[in-house]
Amino acid sequence: MPQNLYDKLWQSHVVHEESDGTALIYIDRHLVHEVTSPQAFEGLKLTGRKPWRISSIVATADHNTPTNHWERGIEDPVSRLQVETLDANIREVGALAYFPFMDRRQGVVHVVGPENGVTLPGMTVVCGDSHTSTHGAFGCMALGIGTSEVEHVLATQCLLQKKSKAMLYRVDGTLGKGVTAKDVALAIIGRIGTAGGTGYAIEFGGSTIRQLSVEARMTLCNMAIEAGARMGFIAVDERTIEYLKGRPFAPKGEQWDAAVDHWRTLHSDEGAVFDCVLEMRAEDIQPQVTWGTSPEMVVSIGDRVPDPSREMDIARREGMERALHYMGLKANTPISEIVIDKVFIGSCTNSRIEDLRAAASILKGRKVSGSVKLALAVPGSGLVKKQAELEGLDKIFIDAGFEWREAGCSMCLAMNADRLETGERCASTSNRNFEGRQGAGGRTHLVSPEMAAAAAIAGHFTDVRDLL
Amino acid sequence: MDKFVHLDGLVAPLDRANVDTDAIIPKQFLKSIKRSGFGPNLFDEWRYTDIGQPGEDCTNRPINPDFLLNLPRYQGAQILLTRKNFGCGSSREHAPWALLDFGFRVIIAESFADIFFNNCFKNGILPVVLPASEIDALFAEVSAKPGYTLGVDLGQQTVVLPDGRALHFDVDAFRKECLLNGWDDIGLTLRHAEKIRAFEEKRRVEQPWLFATGAGGV
C-alpha cells in the first residue's frame, strides 16, 4: 500500500504503542539551547537519572546572547547565568557538539544544526523550541517540545506522541520575481489561519516546492508552527542530498552512499493518501506583509489594512479591532503608506546566507531612509556571518546604513538587548508578530528579507518588485 | 507531578481567541532557570501598566484595573475559560508553569495549540476542549453570575454546571491515567528500557550514520 512521507517517518520510529495509540517515538537528534533546558537538566539531577545517548545532543547558546560588544561578555546577569548554566550542564553531561557563546560556529540552533550536517534526512529531531519544524526541510520528523519533554528525551531517548493527521499542502507553478518562500508561508497561513494546521503534520509538495532551494525550504517549514502544525516537512530530493554533501557531521565514504540510498526513499509514494489536501498556485502569491498581531493577519503589499466593520463574525471582528488598536493602524490604510521605525533582518526564519544575499541585492548602492532609527542585520550563525563577509555582504549592509551584528536570535524575541521600544514599528524577517514579541508595546510586521530591505530604503513598506 | 482528579473552582473568563504563550508569559521571564515563581508575571503585559523585569517584586507595580485577573470577582479563580487556539506560538513550558503558579488547574477552550496542550498534561493542568456553542454559553453565564463555579471531573470526563447539567469532554486514555495518578512519565517510559535499547541497536546496525560520535562519521 502506498505510504505518505509522514507514515514512513512515523512507522520507522515507533518503539512501543499503548492501546489508545499513544506511542513511544525514538529520537535521533536532540538540539538544546539555554532557555528551555536548565529545568530539564536539573530534573535529571534531582531524580539521579543519566542522559540516555549523549551523542544525540547538539547544543548552542542563542536566545540570550548579545549581538554586539562581545568583548564585554554577557552584561545582563540573568541572561549570563542562563548561558553559564548551559555551559555547566554540557560540561557535565557531554554532547556530540557544543557551540557555546562566542564560538565561531555558534548561532541560532535551527541554523547551526543543518549547516553542520547534524540534521539528516529521516531523523526525528526535537528541541525545546517551537521552530524545530525548520528541520523538516530535510525530510525529518522535527518537533518542538516543552521542557518536561526535553527531560523525557534526555532520560529515555524517546518522546510520547500520538500520530497526527497528515496534510499535503501543494504549491504549483513558478513564483514571480521578488516573491519568496517567506511569502509562500505567510500566504498559506493567511489562508488556513494560525490553527489551520493544528493536529496535522504538513507535507509541503508540488512543483514550486521542488524548485525551492534547501534554505528556502527551511524558511517554509520553520513557519509551519505558525499555521498551528507541530511539523512541516518536504520530501528528500537531489537538492537535499547536494546540500548535505561534505557537511562536517554528514556521513562520509561508504556510509554516505548507504545513507543516500535510504534518503531517496523519503518521499510520499505515488497514490499515497492524506487526511487533507490543499492547493495554491505560485502565481497567485504576491509579497506579503502582516498588519496585525497574529501571522494570519496578513495581506499582499498592494492591499490595504482590512476593515473590521466588513467582518461578519463577531469574535473575529473584535480580534481585528484589538489588533488595529495595538498596531496603531487605521482600517483601509494602504500597506505601502505604513511608516516604519526599525528593520530586523535575522531569526531562524530568515538569517541564512541566501537571505542575506537577497537583502543585500536590494540594498546595494542604496541607503536606509533617514526616518529609520535602526536597521539590524543579524546573521544566523558565526559561519553564515563569515561567509557573508567573504562575499562582501557586510560592506553592502554597512554602507546602506545597517548595523552588522554577531549571530543570535536577537530581536526576533528580544531576550537580549535588541528590542523595540513601546510604539515602535518594525519591518521584521522573523516569524511572530504577537503583542510584545519584539519588545513590550512594539509593533511587528512580518516580511521577507527582500521586502525588509525595500522598507528600510523607503522608510515605509513598498513593493520590492519595483526595485528589482 | 500533582495528580488531578476533581476540582470545584471559580471561573475566570478570558474572552480572546489565539492567546499566545508570549502573552501568557513574556520573554524576559524566560531567563529564569527555575520552574516556579512565574505566577506574579502571568499575562504580565495585560495585567500591569509598566514593563515588568525578572526578579522584580510585583506587589507595588501599577495594575491595569480592567484586566480580568485584577477584578475582585475573579480573585482565587482556578478555572480559566477562553476561546480557540489557546497557547499558540512558542513552546515555552513557562506558560503552563505560570498558569499553575497563579492557581489555575483547568483551562477550558474551544481548542488548544498542540505543544501547549501537551505541556499542560506534564504539569498537572487539565486542558478541556468543548464545542464553540458550549463555550459561548459558558461565557454568557460566567459574566452574568458573579461567583460562577464549575465542577470538573477527570474520571467522569465531565464539566458540571451549577444547575447540575454535565458537559462531556474527550481525553486520551493514556493521558487521563497519568494525570489521575500523577505519574512521572519518565518512570513509565523507562519500564520499556529494554525495548528502547533493542530498537536502538537495530537502528544502529541499519543506519549507522545516525549514531556518529564526532564530525566526519561514526
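Fair warning: this is a prediction, and the values are worked out from it, not measured in the lab.

Helix and strand content of chain A: 15 helices and 19 strands. For chain A, whose C-alpha radius of gyration is 21 Å, the value lies close to the compact-globule estimate of 23 Å for 468 residues. In terms of its C-alpha atoms, chain A occupies a principal-axis envelope of roughly 55 × 55 × 45 Å. A separation threshold of at least 6 residues defines the contact pool for chain A, and within that pool the share at least 24 residues apart is 76%. Looking at chain A as shown, the accessible area adds up to about 15300 Å², and 49% of this sits on carbon and sulfur atoms.

Right, let's talk about the environment of A:Leu420 for a bit. Residues and elements named next belong to chain A. By the element assignment, Leu420 lies in the loop between β17 (403–404) and β18 (425–428). In this structure the C-alpha to C-alpha distance between Leu420 and Arg105, which are 315 residues apart in sequence, comes to 27 Å. Sequence-distant contacts of Leu420, defined by excluding residues within four places in its chain, comprise Lys342, Met411, Cys426, Gln438, Gly439, Ala440, Gly442, Arg443 and Thr444.

In this section: the sheet that holds strand β6 (residues 124–127) of chain A. Residues and elements named next belong to chain A. A sheet is described by the order of its strands in space; here 5 strands give the open sequence β5-β4-β3-β6-β7, paired in parallel fashion. Each having just a single partner strand, β5 (97–99) and β7 (141–144) make up the two edges of the open sheet. The mean inter-strand angle of the sheet, taken between neighbouring strand axes irrespective of direction, is 15°.

All right, on to the packing of aromatic side chains then. Residue and element names in this part refer to chain B. Taken as a whole, this structure holds 18 aromatic pairs over all chains when the rule is applied. On the numbers, 5.7 Å between centres and 10° between planes, the contact of Phe43 with Trp46 is stacked. Like Phe43, the residue Trp46 is buried in the burial classification. Consider the rings of Phe86 and Phe112, whose centres lie 6.3 Å apart with planes at 90°: the pair is edge-to-face. With a gap of 26 residues between them, Phe86 in the loop between β2 (79–82) and α3 (94–102) and Phe112 in the loop between β3 (106–109) and α4 (114–121) connect regions that are remote in the sequence. Of the two residues, Phe86 and Phe112, neither departs from the other in class, the shared state being buried. The rings of Phe86, Phe112, Phe116, Phe117 and Phe121 are connected pair by pair, giving a single aromatic cluster. Its guanidinium or amino end placed over the ring of Tyr48, Arg61 lies 3.8 Å from that ring's centre, counting from NZ or CZ.

For the rest of this paragraph, the subject is helix α6 (residues 173–181) of chain B. Taken together, the buried positions of α6(B) are occupied by B:Phe174, B:Lys176, B:Cys178, B:Leu179 and B:Leu180. Buried residues along α6(B) sit against β8 (158–161) of chain A together with α4, β4 (126–129) and α7 (185–190) of chain B.

A word on the nonpolar core. With 116 residues, the main nonpolar core has A:Tyr169, A:Ile188, A:Phe204, A:Leu220 and A:Trp263 as its most contacted residues. Per-element tally for this core: the top contributor is helix α6 (residues 181–192) of chain A, with 8 residues. The residues touching A:Tyr169, leaving out its near neighbours within four places in the chain, are A:Ile188, A:Arg191, A:Ile192, A:Ile202, A:Glu203, A:Phe204, A:Gly205, A:Leu278, A:Glu279 and A:Met280. Of all hydrophobic cores here, the second largest spans 110 residues; its members include A:Val108, B:Phe86, B:Leu99 and B:Leu161.

What counts, and where the lines are drawn
- Residues numbered from 1 in each chain as written.
- Chains lettered and ligands numbered in written order.
- Predicted model: local features only at pLDDT ≥ 70, side-chain atom pairs only at ≥ 80, totals over all residues.
- Heavy atoms only, no water.
- Helix = DSSP H or I, 4+ residues; strand = E, 2+ residues; numbered from the N terminus.
- Rg over C-alpha atoms; globule rule 2.2 N^0.38 Å.
- Contact = heavy atoms within 4.5 Å.
- Areas by Shrake-Rupley, 256 points an atom, 1.4 Å probe, with all protein chains shown as cover.
- Pairing = 2+ DSSP bridges.
- Axes fitted to C-alpha atoms, helices over the stretch in contact; angles between N-to-C directions.
- Phe/Tyr/Trp six-rings, centres within 6.5 Å; stacked < 30°, edge-to-face > 60°.
- Buried < 20%, exposed > 50% of the residue type's maximum accessible area, 1.4 Å probe, protein only.
- Lys NZ or Arg CZ within 6 Å of the ring centre and 35° of its normal.
- Core = buried A, V, L, I, M, F, W, Y, C linked by side-chain atoms within 4.5 Å.

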